[in-house]
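Residues per chain, in single letters:
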Amino acid sequence: PTRLGHFKAELLLRFSNGAPGDANYEREYPVLVRGFCLDVPIFVDSEEYYMETCVYGHIFRENVMVRNRASVAMKIQVQKPKQIQGELQLNTALAYIQGHGSQSIQVKFSPKADFLERHPEYCDSERGVGAFKIPMRIVGADQVLPVTTCLTGVLTTDAVTFVPQVLNFGNCYVGSSMAMRLVFTNESLLKRKFAFPRLPSGISIHNVPPDVLEEEGWGGVDCPPGSIAVLEGGGEGIFGSLLPGERRQVSVIFSPESATEMNHKIVFKVLTGDLCAREFTVPCTGQGVSQVIEFSETELKLASIPNNSSSRESVIVTNVSKVPQIINVLMPQYELCAMKATPVCCTLAPKESRRLQLEFKPTQDYVDLLKNPKEEKADADGAAEEAEDEGQMDDEEYKQHQLTDIRMHGGRRWEAEAGTIHSSWRLPVYFRPQNLPESREQMCYLGVSTCVLSSILSLSPPKLDFGDITAGQRHVLPLVITNLTPEDPQELHMEALPENQCFAVLNAPRTVGDRAFQFMIEFKPQLVQIYQCSLSLRTDKTRVQVPLRGKGVCPVLKIEPEDGVIHMGSVVYNKEAKDYTTYQLVIKNESPFELVYKLETVIRGDRGPPPFRLTPNSATVAANSSLNVTVTFQPRRPNAIFREKVLVNVPNQREQTYVYLYGHCFKYQGYCLYGMDFKAFGRQEAQAKAAFLDSLAVGTGATVTAEGAFEYPNAQSKDFSLVFERGEKLKLLMIGASVAPGTPSAP
């Protein structure tokens, strides 16, 4: 029989003698054959006992249950395997099993690391490396067939490898931190839990962020870790779990609290399964060093801004040593970080402090730093095609190249799905004593974090530059603000501008929806200097800054003639007042700035319509150039002398510049006057004449013609009284002729 149970078979026996006729004999007999197959008395519950995964050096137990089917007691004995001292023990190897009873054989298995090498007969090569198969043979008295079973499983180690095996931080300044990468690998085939218990003060452990590992993985599997300076974002690395064969990296950070030596062994404890625990130690040494320079903050987090805006933060650097120190801030390339530091290099005296300002000003080129610039070329038909050269990198390679460049300069950059761009930098700050040029430079780091938001508001222009404006003059420029998300109106809020910067916003902010809004910005410099500030605008979702810049200048004004005295000559009077004379007044600008002037009459020596006219009355004179102003003398009545004092108004001049105009108008061409000196005059000289002469301008007391029409009196004098006082030997008379009637078209 091949199986246990009851068996039966029905057989039919047929007899026949083969004789002919009546002598023939035939008969059938049915036969029933029965059988019953029983198992051996001694048996085990399982043909194979799987002990799963066993760890070297730990004890694993298994119970092999032997049972007796017989009704009488039977003696059993384990023939295989033989006990191995300290590794394989059987309890018991000899026993009696009562009728219908059972007996448990306890197997204690504690393999060493070379168990399979010393006992190759137990190696199960069919199931892979580390698999074992230990056959068991149990014999019973009065039972011919032995009972066979086996112990199977997989052997693995509980080792964890560390790289490096010793952490030596060297010197670290108090208040600063140093990080070293610790790589440990789970050599076991089991998932394990780990922890760093009992860490001393001054040492912390953080996970390395996945994106950092990804960037380092571009260099290959064997790329040495620790090439990225910025490691934030990984979270605490004190606790965790390790998958079979997993390689984990953590950052061990040393932050000394005092200038003392640190010599400690970091405990690394792993738990394999539920019972197998093991401790490892990693020696850790370092030396805390007193600070030479001190920062008010070691980590700067700049405000989140959209592109084409700027954000500034400052940190105070103090020299706490007793000797002067030369400090140099090593900044990455501006294209990579969009940051500037001021000052970059300076010398600090003992106990001296200085402000270090960092400005973050992202542009569109900074936002598109990881995008591969597409090169296009036109074919013979004029169609544009993408240039695909053999040496050109694809988009992913170009991105990896840019991120590698950022990493090599001490930075880290990542872009979120929402369109924000985050960057973190470690800026090295070098310093050395000023009096010891041969001394070795020392270094510490300043952390900076930046963020670029997606643009919501568009500014046109992004920067207002008023240029050179004469001090005291006013100039207005528009600023157009457009909402890039018109379905989401943005309510503008504006921060006040500094009063001493001479900029002013002429209209109030409002909500910007689908229509653009225009600010009017005024610049009116008061002094000769450069003015600059930023107009800060904010909404509930973003904020922008508009740089405002202007320069107050003082142009140098000169005129020809230099004394400003212009004698326009004499004109013959006629009722239509068509005759006039002209003169070219030259206004010079001897400075590299534009000059804006305005001509203003400050003193007139007569009443009625003005006889002098200056064109253009106001204009702008380009830098280092001149402009001709036409002075026209066209009187409306006869008068012996016309005077007018004109101010050439240019703001912020040290001295005022005046033009003094003289002219005459007579009924006849020839004239004679008392001698006079054509020079600068004041209000008293210009208006010192009789009330009768003033009345002539309005006709009061004037004569009339024979027809009864109004007629100006003759301004020409015929009689002159020359009285010589004692000692006086010279009197002057001015005799002249007016321009010909019909001037300027007269022959």
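Residues numbered from 1 in each chain as written. Predicted model: local features only at pLDDT ≥ 70, side-chain atom pairs only at ≥ 80, totals over all residues. Heavy atoms only, no water.

1. A look at the side chain of Thr581
Inference 1: Along the chain, Thr581 falls in strand β46 (residues 581–589).
Inference 2: We classify Thr581 as buried; its relative accessible area is 9%.
Inference 3: Engagement of the side chain of Thr581 in a polar contact is seen with the backbone oxygen of Met568, the distance being 3.0 Å.
Inference 4: Those residues in contact with Thr581 that sit more than four places away from it in its chain are Met568, Val571, Val631, Thr632, Phe633 and Val739. (Helix = DSSP H or I, 4+ residues; strand = E, 2+ residues; numbered from the N terminus. Buried < 20%, exposed > 50% of the residue type's maximum accessible area, 1.4 Å probe, protein only. Polar contact = N/O pair within 3.5 Å; in protein donor to acceptor, adjacent residues only side chain to side chain. Contact = heavy atoms within 4.5 Å.)

2. Details of a negative patch on the surface
Inference 1: Taken together, the side chains of Glu214, Asp394, Glu396 and Glu397 present a region of like negative charge at the surface.
Inference 2: On the secondary structure map, Glu214 appears in helix α2 (residues 210–217). (Patch = residues over 30% accessible without salt bridge, like charges linked within 9 Å, V, L, I, M, F, W, Y side chains within 5 Å. Areas by Shrake-Rupley, 256 points an atom, 1.4 Å probe, with all protein chains shown as cover. Salt bridge = Lys/Arg side-chain N within 4 Å of Asp/Glu carboxyl O. Lys, Arg positive; Asp, Glu negative; His and termini not counted. Charge placed at Lys NZ, Arg CZ, Asp CG, Glu CD.)

3. Some remarks on the sheet that holds strand β52 (residues 657–666)
Inference 1: In space, the 5 strands of this open sheet follow the order β45-β52-β51-β47-β49, with mixed pairing throughout. The open sheet has two free edges, formed respectively by β45 (565–572) and β49 (618–621), since each of these has just one partner strand. Going from strand to strand, the sheet's axes swing by 25° on average, the running direction of each strand aside.
Inference 2: Direction of pairing for strand β51 (residues 639–649) relative to β52: antiparallel, over a ladder of 8 bridges. Its bridge partner lying in β52, Val648 is registered against Thr657. (Pairing = 2+ DSSP bridges. Axes fitted to C-alpha atoms, helices over the stretch in contact; angles between N-to-C directions.)

4. Observations concerning the sheet that holds strand β10 (residues 131–140)
Sheet strands pair via backbone hydrogen bonds, and the direction of the pair is either parallel or antiparallel.
Inference 1: With respect to topology, 5 strands assemble into an open sheet ordered β4-β11-β10-β6-β8, the strand pairing being mixed. The strands lining the two open edges of the sheet, one partner per strand, are β4 (49–55) and β8 (94–97). Here the strands of the sheet are splayed against their neighbours by 25° on average, with no regard to which way each runs.
Inference 2: Alignment of strand β6 (residues 74–80) against β10, held across 4 bridges, turns out to be antiparallel. For Val78, the partnering residue across the bridge sits in β10 and is Ile138.

5. Observations concerning the state of the cysteines
Inference 1: Under the defined criterion, the tally for this structure stands at 0 disulfides.
Inference 2: Considering cysteine sulfurs only, Cys502 is the nearest to Cys554, which forms no disulfide, with 15 Å between them. (Disulfide = S-S within 2.5 Å.)

6. Remarks on the packing of aromatic side chains
Inference 1: Enumeration over the complete set of coordinates arrives at 30 aromatic pairs.
Inference 2: Note on Phe184 and Phe194: the rings are 5.3 Å apart at their centroids and 70° apart in plane angle, and the pair reads as edge-to-face. Pair noted here: Phe184 is in strand β14 (residues 178–186) and Phe194 is in strand β15 (residues 192–195), with a separation of 10 residues, a long-range link. Like Phe184, the residue Phe194 is buried in the burial classification.
Inference 3: Taking the centre distance of 6.4 Å and the plane angle of 40° together, the rings of Tyr658 and Tyr660 count as tilted.
Inference 4: Among the aromatic residues, those joined into a ring-pair cluster are Phe162, Phe184, Phe194, Phe196, Phe268 and Phe280.
Inference 5: Seen from the ring of Phe43, Arg69 lies directly overhead, with NZ or CZ sitting 3.6 Å from the centre.
Inference 6: For the cation-ring pair, Lys645 lies above Tyr658, with the distance from its terminal atom to the ring centre recorded as 4.3 Å. (Phe/Tyr/Trp six-rings, centres within 6.5 Å; stacked < 30°, edge-to-face > 60°. Lys NZ or Arg CZ within 6 Å of the ring centre and 35° of its normal.)

7. A closer look at the environment of Ser204
Inference 1: Structurally, Ser204 is set in strand β16 (residues 203–207).
Inference 2: Note: C-alpha distance between Ser204 and Ala179 (25 residues apart in sequence) is 9.4 Å.
Inference 3: Among residues more than four places away in sequence, those in contact with Ser204 are Ser251, Val252 and Ile253.

8. Quick notes on the environment of Lys340
Inference 1: Inspection of the secondary structure puts Lys340 in strand β26 (residues 339–342).
Inference 2: With 382 residues separating them in the primary sequence, Lys340 and Leu722 have C-alpha atoms 83 Å apart.
Inference 3: In this structure, Lys340 is in contact with Met331, Tyr334, Gln357, Leu358 and Glu359, ignoring residues within four places of it in sequence.

9. Describing a nonpolar patch on the surface
Inference 1: A surface patch of nonpolar side chains, amounting to about 580 Å² of accessible area, comprises Leu11, Leu13, Phe15, Tyr25, Tyr29, Val31 and Val33.
Inference 2: Residue assignment for the nonpolar patch shows that the elements contributing at least two residues are β1 (5–16) and β2 (26–37).
Inference 3: Position of Tyr25 relative to the elements: it lies in the loop between β1 and β2.
Inference 4: The partly exposed category is assigned to Tyr25, whose relative accessible area is 43%.

10. Examining the side chain of Gln490
Inference 1: Structurally, the position occupied by Gln490 is in strand β37 (residues 490–491).
Inference 2: Assessed through its relative accessible area of 3%, Gln490 is described here as buried.
Inference 3: Of the polar contacts made by the side chain of Gln490, one reaches the side chain of Thr539; its length is 3.0 Å.
Inference 4: In contact with Gln490, not counting residues within four places along its chain, are Ile456, Leu457, Asn483, Thr485, Arg510, Thr511, Val512, Thr539, Asp540 and Lys541.

11. Remarks on the nonpolar core
Inference 1: With 36 residues, the main nonpolar core has Ile293, Phe295, Ile327, Leu358, Phe360 and Val429 as its most contacted residues.
Inference 2: Ranked by residue count, the leading element in this core is strand β32 (residues 421–433), at 5 residues.
Inference 3: Met74, Val107, Ile138 and Leu155 belong to the second largest nonpolar core, which has 33 residues in total. (Core = buried A, V, L, I, M, F, W, Y, C linked by side-chain atoms within 4.5 Å.)

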